[in-house]
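In case you want the letters, here they are:
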Amino acid sequence: MTRTIVASARKEIVIGFDQPFCVIGERINPTGRKKLAAEMVDGNFDTVRSDARAQVAAGATMLDVNAGVTAVDPNATEPALLVQTLEIVQDLVDVPLSIDSSVTAAIEAALQVAKGRPLVNSVTGEEEKLEAILPLVKKYDVPVVAISNDETGISMDPDVRFAVAKKIVERAMDYGIKPEDVVVDPLVMPIGALGDAGRQVFALLRRLREELKVNTTCGLSNISFGLPHRHGINAAFIPMVIGAGMTSAIMNPCRPQEMEAVRGANVLAGTDRDCATWIRTYKDYKPAEGGHALAAPVAGGDGAGSGGGRRRGGREARMGARG
């Protein structure tokens, strides 16, 4: 069974087919958030701190940390800012972190100060990226997100995206990196622009699970980009991708509708044993007048996946703003 181990200084998490779905909180990312970007440039990390606490309280298994505040000379500005942001977050919360950058120097600088075993987000199938990132993944013994695009861009053909993923997994093995330490992002397309985007990703996920035997992730809200009431689409998408084999996603855990879908899918997939997390989270749930309220989670209620105890904003810049 494929098991990807990530860890903070105090907590280890397992991402795997037999584990609860891993929710990677997306909020510590200045892409599309001008106010947050301006604060971080000014050395103000109040929003970073509040977003970190809120996402963990809402049930995030991990947190993604991105410091891509500018496209102007990020090689000079991003390493120090990413290190500063990472150190603040890892000293504030005990969940594992994802180091999110397409600047190689920023990833290496962050790995030097990271506690535990963070996830590197990310590497693509581009030769330049493979040669820059995979040696760091091996050196620091950390898992990496593999995004299924290469020098030709993002293919609309799911077979091409599978081939790119296979190439990255094989290249990683050449460096001595095990397949369980490669978490593939098959690239979710917006359903509003590509009508079979859902069917594409479900088929891709089954192939990635059965043929490559790797864990998977995605930028979840890409599926609903451009549509009204995006959170309804996202919430419907979650149990379907989990059923197809996806084991994690970068998403906003502070959306109760979407987190209910995650927790419900965990119950039905049998990874929330004895329905313990569902009961702990919703035992005091009372619908508001009209029956439309969504239950607020209990802080710290999720033990999902516990094994014990990009160019700036890469994915969203390529695929569309997050929801």
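Overview of the structure.

Basis of the calculations
Residues numbered from 1 in each chain as written. Predicted model: local features only at pLDDT ≥ 70, side-chain atom pairs only at ≥ 80, totals over all residues. Heavy atoms only, no water. Helix = DSSP H or I, 4+ residues; strand = E, 2+ residues; numbered from the N terminus. Buried < 20%, exposed > 50% of the residue type's maximum accessible area, 1.4 Å probe, protein only. Areas by Shrake-Rupley, 256 points an atom, 1.4 Å probe, with all protein chains shown as cover. Axes fitted to C-alpha atoms, helices over the stretch in contact; angles between N-to-C directions. Parallel < 35°, antiparallel > 145°, perpendicular 65-115°, else oblique. Left-handed = near helix turned anticlockwise from the far one by under 90°. Contact = heavy atoms within 4.5 Å. Nonpolar A, V, L, I, M, F, W, Y, C, P; charged D, E, K, R; others polar. Phe/Tyr/Trp six-rings, centres within 6.5 Å; stacked < 30°, edge-to-face > 60°. Lys NZ or Arg CZ within 6 Å of the ring centre and 35° of its normal.

1. A closer look at the overall build of the protein chain
Turning to step 1, where the next piece is worked out: Counting its secondary structure elements, the protein chain contains eleven helices and ten strands.
Turning to step 2, where the next piece is worked out: When burial is assessed residue by residue, the protein chain has 55% of its 323 residues classed as buried.
Turning to step 3, where the next piece is worked out: As presented, the protein chain carries roughly 13200 Å² of accessible surface, and 53% of it is formed by carbon and sulfur atoms.

2. A word on the packing of helix H8 (residues 230–244) against helix H9 (residues 256–269)
Turning to step 1, where the next piece is worked out: Axis separation between H8 and H9 bottoms out at 8 Å; the angle between their running directions is 15°. Here H8 lies roughly parallel to H9, going by the angle between them. The chirality of how H8 crosses H9 is right-handed. Residue-level inspection shows His 231, Gly 232, Asn 234, Ala 235, Ile 238, Pro 239 and Ile 242 of H8 in contact with H9, the latter providing Gln 257, Glu 258, Ala 261, Val 262 and Ala 265.
Turning to step 2, where the next piece is worked out: A breakdown of the residues in the contact of H8 with H9 according to their chemical character gives seven nonpolar, four polar and one charged.

3. A closer look at the packing of aromatic side chains
Turning to step 1, where the next piece is worked out: Taken as a whole and assessed by the stated rule, the structure comprises two aromatic pairs.
Turning to step 2, where the next piece is worked out: Consider the rings of Phe 202 and Phe 237, whose centres lie 6.1 Å apart with planes at 35°: the pair is tilted. Of the two residues, Phe 202 sits in helix H7 (residues 197–212) while Phe 237 sits in helix H8, which places them 35 residues apart along the sequence.
Turning to step 3, where the next piece is worked out: With a centroid separation of 4.4 Å and an interplanar angle of 55°, the aromatic rings of Trp 278 and Tyr 282 are classed as tilted. Taken together, the residues span about one helical turn, with Trp 278 and Tyr 282 both in helix H10 (residues 276–282) at a distance of four residues.
Turning to step 4, where the next piece is worked out: Using a relative accessible area of 32% as the deciding quantity, one classes Trp 278 as partly exposed.
Turning to step 5, where the next piece is worked out: In this structure, Arg 207 packs its charged tip against the face of Phe 162, placed 3.7 Å from the ring centre.
Turning to step 6, where the next piece is worked out: Looking at Arg 209, its charged tip hangs above the ring of Phe 17, at a distance of 4.4 Å from the centre.

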